[in-house]
Structures are given as structure tokens and as C-alpha cells.
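Here is what each chain is made of, one letter per residue.
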Amino acid sequence: MALKITVIGTGYLGATHAAAMAELGFEVLGLDIDPDKIALLQRGEVPMYEPGLEDLLRRHVAGIEGSSGRLRFTTSWEEVGAFGDVHFVCVNTPQKHGEYACDMSYVDAAFEALAPQLHGPALVVGKSTVPVGSAARLAERLAKLAPAGEQVELAWNPEFLREGFAVDDTLHPDRIVVGVASERAEELLREVYATPIAEGSPFVVADFPTAELVKTAANSFLATKISFINAMAEVCEAAGGDVVKLAEAIGHDERIGRKFLRAGIGFGGGCLPKDIRAFMARAGELGADQALTFLREVDSINMRRRGHMVELAREAVGGSFLGKVVTVLGATFKPDSDDVRDSPALNVAGQIHLQGGQVTVYDPKGMDNARRLFPTLNYAPTALEAVRGAHVVLHLTEWREFRELDPARLADVAAEPRILDGRNALDAELWRKAGWTYRALGRPNA
Ligand code: UGA
């Protein structure tokens, strides 16, 4: 009989994982402690913007016409405990307020609520990004709290999906990593992932600490790559070089690769920044802090980008933001997402606002979230409206919509046709031809 799967926590990770499990043919029950989110999901609606996710959900959510009916949602822990053979824990692990460490309270609460409901054989699989050592600790909690005792096991299975590509990354992962303590756990996970394994996704079996570390190591490497190219951008600016050309040229070396070498205002979002900080904090607790001091530099190069962008904008408007209209194109931390958590674009917008600039923001999908976080900024309904009267335009999130703008039309409505490309993504020639002064980070001023 097919395995029954539960997914605990229905944010980005959980909602996508639940829908993907249903797509793979399993009966799935998703749980969230937020009843509004559950009500939304039950109607086949997604609480965030993620391309393809709503379609996938609607193909499986019970009660939606034409759906497989394999996916249901609940707020009841009892129901989840009685239903599942395999329970995926997908709750978030944000940065703690005022410190670097990761806040484990949601994960801990999920285990405390789930374990007492496990009266028969079950595999609990942690997917959340956690400090190394958490799985061992949580396995002990499970053993203590689950009525079924040794019939309940833990595995750790980190997730590598990217926002904007969540559905594809989940259905066709470039690797599946499992930290297990028994062959039985490995076998169950091979059964869960039989389809992607058959399609060729590598299946890496490890112990708990290695599996936990794979995730933080991967995100640290990606963050390091971005900060490396941003450090090169700083040097290029000082030396008159062109970082885009440099990235292209070093990227031809297969050992280096071209991906994640886009210089700009740096990385943000709900993962990379908090993960490198939590990793440093955890290494400190383990007495291995020296090994990760370079991540402090990675973080500081990254944060410096935002300040640098503000400086360039101030320079562009003549040395002071007072009385100047600044347009910010982009609010999300990256395109194809409505996520504004730790968004470099909004951070820059906020800093300029605090320094007296009149900031107007436009973003294709992130307006509602941005407004909630920064209610004092102005928001325009279109890019054209946002640019009206601008003394400088900042391109801070590389949405396709911005690459397709007509610079000539925008030049007609701007007070000064001046643009700073914080993502090195616009066609400089095109903008200059339309009369704009175009400047980008890490590139010469033509
Ligand atoms: C990241 C990882 O890429 C995923 O593999 C991981 O699963 C996820 O975190 C997570 O831990 O959950 P995500 O946060 O969706 O995914 O975003 P990325 O695509 O990694 O981009 C992160 C930031 O780096 C964005 O602000 C982006 O604009 C910036 N970036 C990316 C650059 O500045 N330059 C680049 O070349 C690439």
C-alpha cells in the first residue's frame, strides 16, 4: 500500500513539498497552526507568489473539481499522528531577534506536539534548516515522548529548493540528501523519493550531523560565491575594470562556473543571510568558530553593497537626498518571488527614505509585502508612474518586466534621466541611447 505522508508547516517549503508528494502519488495531509493559511490552502490558494505552485495544488487538493483528491489540510495534530507513515517537518527556523543564532522554537514546538500522537510505526523527517546537532537532540525527544517508542524513528532530509523555482526543484531535485540512523529509515525514504531517484537524482546517504551540515555548507558556499564577485566589483570600481566581463571570463573555467557570479547589491531573503549567521553561531558553540570567520567577511562584503548603493544614489542626486525624488524598481529579494524578507532593495529604499529622500517603490509582485514592512515609503502602481518626477532611478531587483521597459518613454517622465543598475541586468546601450546616464556597480562609467 502506498505510504501516507504528512507535512507539518505549510510555508514555502511545506506547501510545495505537500503538493509535490501528492503529485508523486502519495496520500498527503498538510498541517499548519495558522487556521487562515489552512483555509486558503483548502480552497487551492497559495499564501505566496510562487510560479506553478497554485496549479500543482489545485491538481491535488481534495474538493477541487478535477483534482486527484490526494491532498488535504488540517490543524489537528491528532489527525496527523493517526494518518501518517512518514511525517515531514517543514517549519521555519528564522534568525533569533538580536543574535546570530537560529530560533528553533517552531521546530521544537512541532516535535513536542507531534511526538505524543505517534501510537504506531512512523518515520519523522526533518526538513527545516537547523544547527548541526539538532537531529540527535530531537531523536532523543521523540524516543521519550512517542507512545510507540522505538517504532518511531527520525531522519534528516535537508531541502535545497530555490524560491521562484520551488516546484521544479522539489519534483526534480539535483540531489536528495538523507541523514539516517537505520536501514529502515533509508528504505522508507528511497520509497518516498522513488520517482526522482528513477529519473536520476543522486541519493546521498549520510549520518545526522553530515546531513544537517550539507545544507548550511551549501548555502554558505553560495553566499561566498556572491560576496566573492561583489568583492571583485569593489576592486573593479577602484581599478576601472568591468566585473560583468570578469565574471563571464572566469566563469568559462568549469571549476568556477558561471552561476551565482552576478555582482550587484548582494544577497538577501529568508535563507542565505540567516543561515550563514546561524552557522557561525553554531560553530562558536562547538569551539570551531575559527573555521568560519571568513563568513563574517562574506556577510560584511554583502551588507556593504547596500550602503554603497545608497552612496552612489546620493552622489547621483548631488550630495544630499533632501528634496530629491528617488525611484526604486524592485522590492523583493529576487525576481519571481513576492518575498521581501531581508531584501537588499527595500533596505536601500528604507535607508534613502531615512536620509530624507522621497522614495517611490514599484515591484511586480512584492507591493503588498513591502507596504506591510515599510508603510512610510510611496508605492506606485506601475514602473512608469514610479519613475515620474524621479531625480534618480535605482534598479534593485532584476525582474524581466524591468528589462522590457522602454527607456525612451521613461526618460520623458523622469525629472533627470539617471539610472543606477544595482543588479547589472539592464541593457546599458539601450538606456544610454534613450538619453539616460546609466551606471552599474563594478563597471566603468561609459
Ligand atoms: C537559497 C538557495 O539557493 C537554495 O538552494 C536553498 O534551498 C534556499 O536558499 C534555502 O535555504 O531555503 P533562495 O533564498 O530562494 O535560495 O535564493 P537564491 O536564488 O539563492 O538567491 C539569494 C540571493 O542572492 C538573492 O537576493 C539574489 O538576488 C542574490 N544573488 C544570487 C546575487 O546577488 N547574485 C547571484 O549571482 C545570485
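Keep in mind it's a predicted model, so treat the numbers as computed, not measured. (Residues numbered from 1 in each chain as written. Predicted model: local features only at pLDDT ≥ 70, side-chain atom pairs only at ≥ 80, totals over all residues. Heavy atoms only, no water.)

A.B. asks: Tell me about the packing of aromatic side chains, residues and numbers included.
C.D. replies: One pass over the structure, following the stated rule, counts three aromatic pairs. With a centroid separation of 6.5 Å and 65° between ring planes, the pair formed by phenylalanine 88 and tyrosine 193 is classed as edge-to-face. Here phenylalanine 88, found in strand S4 (residues 86-89), pairs with tyrosine 193, found in the loop between helix H8 (183-192) and helix H9 (194-198); they are 105 residues apart in sequence, far enough to count as distant. The burial state of phenylalanine 88 is the same as that of tyrosine 193; both residues are buried. (Phe/Tyr/Trp six-rings, centres within 6.5 Å; stacked < 30°, edge-to-face > 60°. Helix = DSSP H or I, 4+ residues; strand = E, 2+ residues; numbered from the N terminus. Buried < 20%, exposed > 50% of the residue type's maximum accessible area, 1.4 Å probe, protein only.)

A.B. asks: Talk me through the sheet that holds strand S14 (residues 437-440); I want residue IDs and the actual numbers.
C.D. replies: A sheet is described by the order of its strands in space; here six strands give the open sequence S11-S10-S9-S12-S13-S14, paired in parallel fashion. Every other strand in the sheet has two partners, leaving strand S11 (378-379) and S14 as the edge strands with one partner each. As defined by bridge partners, strand S13 (residues 418-421) adjoins S14 across four bridges and the pair is classed as parallel. Across the sheet, the residue bridging to isoleucine 419 is tyrosine 438, located in S14. Lying on the sheet, helix H14 (residues 344-354) is in contact with strand S9 (325-329), strand S10 (358-362) and strand S12 (392-395); it crosses S10 at an angle near 160°. (Pairing = 2+ DSSP bridges. Contact = heavy atoms within 4.5 Å. Axes fitted to C-alpha atoms, helices over the stretch in contact; angles between N-to-C directions.)

A.B. asks: If you had to explain the pattern of salt bridges to someone new, which residues and values would you point to?
C.D. replies: Applying the stated criterion to the full structure yields 30 salt bridges. Where aspartate 32 meets lysine 37, a salt bridge forms, and the shortest distance between an N and an O atom there is 3.9 Å. On the basis of relative accessible area, aspartate 32 is assigned to the buried category, the value being 8%. Of the charged contacts, one joins arginine 184 and glutamate 153 as a salt bridge, the two residues approaching to 3.3 Å between their closest N and O atoms. Here arginine 184 is found in helix H8, whereas its partner glutamate 153 is found in strand S6 (residues 152-156), with 31 residues between them in sequence. Residues joined in a network through salt bridges with shared partners are Glu163, Asp339 and Arg341. (Salt bridge = Lys/Arg side-chain N within 4 Å of Asp/Glu carboxyl O.)

A.B. asks: Give me the site of the ligand: which residues, what numbers.
C.D. replies: Taken together, 21 residues lie around the ligand, and Leu161, Glu163, Lys215, Asn219 and Phe333 are the ones closest in. Taking leucine 161, its main chain carries an N or O atom lying 2.7 Å from an oxygen atom of the ligand. For the ligand, an oxygen atom lies 2.9 Å from a polar atom in the side chain of lysine 334. Where the shell around the ligand is concerned, the elements lending two or more residues are helix H10 (208-239) and helix H12 (272-285). Among the elements that make up the shell around the ligand, the one with the highest residue count is H10 (four residues). Taken together, the residues that form the shell around the ligand break down as 10 nonpolar, three polar and eight charged. (Near = heavy atom within 4 Å. Polar contact = N/O pair within 3.5 Å; in protein donor to acceptor, adjacent residues only side chain to side chain. Nonpolar A, V, L, I, M, F, W, Y, C, P; charged D, E, K, R; others polar.)

A.B. asks: Can you tell me about the side chain of serine 220, naming the residues and giving the values?
C.D. replies: With respect to the helices and strands, the residue serine 220 is situated in helix H10. Other than its neighbours up to four places away in sequence, serine 220 contacts Ile276, Phe279 and Leu295.

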